[in-house]
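Structure at a glance
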Amino acid sequence: MRAGNASVGRYATIVVAALAVAYGLIAVGVAARHGVFTTYAGRSTAAAAGELAAGWMLVAAGLAAWWRRPRVPAGPLAVLAGFAWFIPDWIGWQTGPAAVRALALAAQGLTLAAVVQLALGAPTGRPSSALARRLIVTTWSATVAIAIGRVLFYNPFTDPACVTWCTANPLLLHDSQTVARALDWADVGLCAFVAVGVASIGGRSLAHATTAARRMLLPVVLPAALFIAAWTVRVILVATTPNENPARAIAMASFAGRAVGLGLMALGLAWSTGRAARGATMTRRLARQAAAGTEEHSLEVALARATGDVSLRLAFPLRDGGRWIDTQGSEIEPPQRRADRSVTTILRDGQTVAALLHDPAILDGEALRRGIGTAAELAIANERLRAEALVQLREVKASRLRLVETGDAERRTLERDLHDGAQQRLVSLAIALRMAQSAFDEQGAGAAGASLREAGDRLDRAITELRELAHGLHPVELSDEGLAAAVEALAEGAPMHLGALPAQRLPPSVEVAAYVLVEEATRRAAARERGPAPGVQAQLADGKLVVEVEDRGEDSPQRALADLVSVVDRVRALDGLLTVESTSDGGVLIRAELPCA
Amino acid sequence: MRVVVADDSMLIREGLTTLLRQAGVTVVGKASNSDELLRSVALSQPDVAVVDVRMPPGQSDEGVVAAERIRDEHPNVGVLLLSHYVDSRYATRLLAEHPGRLGYLLKERVSDMAVLIDALERIAAGECVIDPTIVAGLVKRPRPAQALAVLSNREREVLALMAEGHSNQGIAEQLVLSGKTVESHVRQIFAKLDLPDTSDQHRRVLAVLRFLRS
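Residues numbered from 1 in each chain as written. Chains lettered and ligands numbered in written order. Predicted model: local features only at pLDDT ≥ 70, side-chain atom pairs only at ≥ 80, totals over all residues.

Scanning chain B from terminus to terminus reveals 11 helices and 6 strands. For chain B, the proportion of its 214 residues judged to be buried stands at 42%. Within chain B, contacts between residues separated by at least 24 positions form 65% of all contacts whose residues are at least 6 apart in sequence. (Helix = DSSP H or I, 4+ residues; strand = E, 2+ residues; numbered from the N terminus. Buried ≥ 20, exposed ≤ 12 C-beta atoms within 10 Å, placed from the backbone. Contact = placed C-beta atoms within 7 Å.)

Right under this line is the structure:
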């Protein structure tokens, strides 16, 4: 939504307002001086005050709506209705120019037509249903037709009903009292048609509206109904009595009803304009905040404040799909519409970048979406980045903890392996040697032979165990000759199909990460004891080592990823990326990209 | 001398048994876990039980737990713990609650029969024995510089031997000193280190160990 002053300038607004004030005062003044018997305003000060209040309020509300929402017709319509409201004063201007009075007489129906459109098109003035649109068009057409008919065929001077204010109609084409009477009754018919139409269409749309929409409609539609009812009384009076005599109580009551209806409608229009403008206000506020760069509160709080919906929450979809997070970066359920909660998605380039969870009774989703302008979208994008950063931070923390725990677990295993394996063997070797020694001391060289052989065997086993243990810690090929040699050595012990491997040396941490990935992935495959051997390859590309292990015996990428979590941590620690994807033949492709810079 | 040998490694258990027998010790029972050990001790009431600290099922401190039970239930049976750890934690814990008839040696001592037999004899005589390597580690341990600087070299030697569980007489033999000289050294050490003076042999060992560990 563009700012209001793009279409209706500040000065234009002030000029129109000033005009309305002056025009109203002049009209009431004319009525007071020259319409004592022919106008309500001229007849009583209270009526004059009521007329002024209703007219000015309507113009003011119209200008406010025009300012706030320049693209919708409600504002201009209300201003028009406000100005037309004073027309009866010109009709009753007893000493005024005949042309003015005749034109005023013709144009008097404009107020009704404008009110009908405001009511059926509430709150924008633009009707939402085709039926309402047809009714509005009919009203305008009939109003214009009756006005033209009056200008062309009604001659007040020859009207027998005209007693007090007879004047000529300078625009008269043909003097026909019959046509004039018919036009009066046509006016009655139009009023009846409008009353029924507004009651049924307005009533139906109220019944089907959401709570929020109903709150927007009622303050406009109900006063309009009052106005139309009072107007109907008036046209019936005009058609059935010699003239519309302000002195009659029923006529004055009808005037009062019109004034009150119009005044209330002005208030209702102002209120719904204010509500609808919240979106725009919110945008401006957020834009200011974003520009100032000093966010006192989070965007969520700002949105809740701007919209008045304390239950408002922001949710962001994570880029890896399916998962949602809140502004704190905690994972939440994917947002779903409920009776007491609307979900309004914010799209950018066709992608959902955020969802607003809010109370549908307070805020209409469409209005909210419209209210969120470019600046707010930026703020939301910012907030999303922040939430994603929180998620990453949390994952990094978890990963760091896992790295430490994995390290501790490995140290424990190592300690146990050393104590239970090599140390035990060496102790028993020491015992065997002692026995050999005592056998030698007591029975000579021959007797010691068996014990010495035993000692030699134990020493061999201790050496083997130590070698295996050391190799499990860090294969010597890896540090001596590099990744290719280490993976080839690994392939001698575990079944795998080797593809291309990088011939050159890489940073030690990259080599270890790549080796551990291959070792873990192939060990998973080997542990199944069945199924095809995994394929392994690694290549340097764009300064990255890309390691791929294709495991056709595994069908669940999630399970594979869960098993490889320690490798994932290692890869992430190197700023790399590890992904597991399903392949077309039902296996998984484990792929790591390791920056070698 | 009658002993029970408990170690889950068959090679070590059998080898140790053979060596002990050759050295003239009577091995009256063999055990590969705590339960067997406790049964064997109850049955044969040996002078000393030789117990590996790590035993099934947990491979952690089952031997220590079994040693505590032996010392609780059979006050006349001494325990010699063989440990993989160069660490006085278990020894201090056991000494605090079950003074006397207790030894704590590193596992590799099993090949040094002289040390092993000496330890068994001292335990059977009611003394306690702490591995010299462990004591040496404690003495060398980083601590506020002045703490041991108040002692002369000779006094530090005496302190280490006290920590190993030796009696005054044993210390005198080791250092080739007279009993009276050793006694005066011991008094000096206790005064300089502000240790609670005690005539009880085990409390003395415990006090020295605690001082060295603190």
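Now that the structure has been shown, the text picks up again.
With that out of the way, let us pick up the interface of chain A and chain B. Facing the 14 residues of chain A at the interface are 16 residues of chain B. Of the residues that constitute the side of chain A that touches chain B, the class distribution is 6 nonpolar, 5 polar and 3 charged. (Nonpolar A, V, L, I, M, F, W, Y, C, P; charged D, E, K, R; others polar.)

Residues and elements named next belong to chain B. By the secondary structure assignment, Val-205 is in helix α11 (residues 201-213). What makes Val-205 buried here is the crowd of 27 C-beta atoms within 10 Å. Counting along the chain gives 110 residues from Val-205 to Leu-95, while the straight-line C-alpha distance between them is 8.4 Å. Discounting chain neighbours no more than four positions away, the residues touching Val-205 are Leu-95, Cys-128, Met-162, Ala-163 and Gly-165.

Turning our attention to helix α18 (residues 483-493) of chain A. Residue pairs spaced three or four apart in an α-helix point in one direction, given the helix's 3.6 residues per turn. Residue and element names in this part refer to chain A. All buried positions along α18 are accounted for by Leu-483, Ala-486, Val-487 and Leu-490. One side of α18 holds all its buried residues, which, seen down the axis, span an arc of 95°. Buried residues belonging to α18 abut α17 (476-481), β6 (497-498), α19 (508-528) and β7 (535-541). (Arc of directions from axis to C-beta.)

All names here are of chain A. Predicted confidence across chain A gives a mean pLDDT of 83, with 88% of residues reaching 70 or more. Across chain A, the element-wise mean pLDDT spans from 58 in helix α12 (residues 278-292) up to 93 in strand β8 (residues 544-551). Across residues 1-7 the pLDDT falls below 50, and counting only partners more than four positions away or on other chains, this stretch makes 9 contacts in the model. (pLDDT = per-residue confidence, 0-100.)

With that out of the way, let us pick up unusual backbone geometry. Residues and elements named next belong to chain B. Even without being a glycine, Arg-101 presents a positive backbone phi close to 50°. Looking at the element boundaries, Arg-101 is found in the loop between α4 (89-97) and β5 (102-106). Located in the positive-phi region is Val-176, a residue other than glycine, with phi close to 55°. Mapped onto the elements of the fold, Val-176 is located in the loop between α9 (168-175) and α10 (179-192).

All names here are of chain A. Strand order in the open sheet formed by 5 strands is β3-β2-β1-β5-β4, with antiparallel pairing between adjacent strands. On the outer flanks of this sheet lie β3 (331-332) and β4 (342-348), each paired with one strand and no other. With 3 bridges connecting them, strand β1 (residues 313-317) and strand β5 (residues 351-358) associate as antiparallel partners. What sits directly across from Arg-313, in β5, is Leu-357. (Pairing = 2+ DSSP bridges.)

On to the nonpolar core, then. General note: in soluble globular proteins, nonpolar side chains tend to be found buried as a group. Among the nonpolar cores identified, the biggest contains 76 residues, and A:Val115 and A:Leu118 are the most heavily contacted of them. Sort the elements by how many residues they give to this core and helix α3 (residues 45-68) of chain A lands first, with 14 residues. Ignoring any residue separated from it by four or fewer positions in sequence, one finds A:Val115 in contact with A:Ala81, A:Ala224, A:Phe227, A:Ile228 and A:Met265. By size, the runner-up hydrophobic cluster in this structure holds 69 residues, among which are B:Val48, B:Leu159, B:Val182 and B:Leu212. (Core = buried A, V, L, I, M, F, W, Y, C linked by C-beta atoms within 7 Å.)

Moving on, we come to the environment of A:Gly96. All names here are of chain A. Looking at the secondary structure, you find Gly-96 in the loop between α5 (87-91) and α6 (98-107). Taking the C-alpha atoms as reference, Gly-96 lies 9.5 Å from Thr-167; in sequence the two are 71 residues apart. The residues touching Gly-96, leaving out its near neighbours within four places in the chain, are His-34, Trp-90 and Arg-101.

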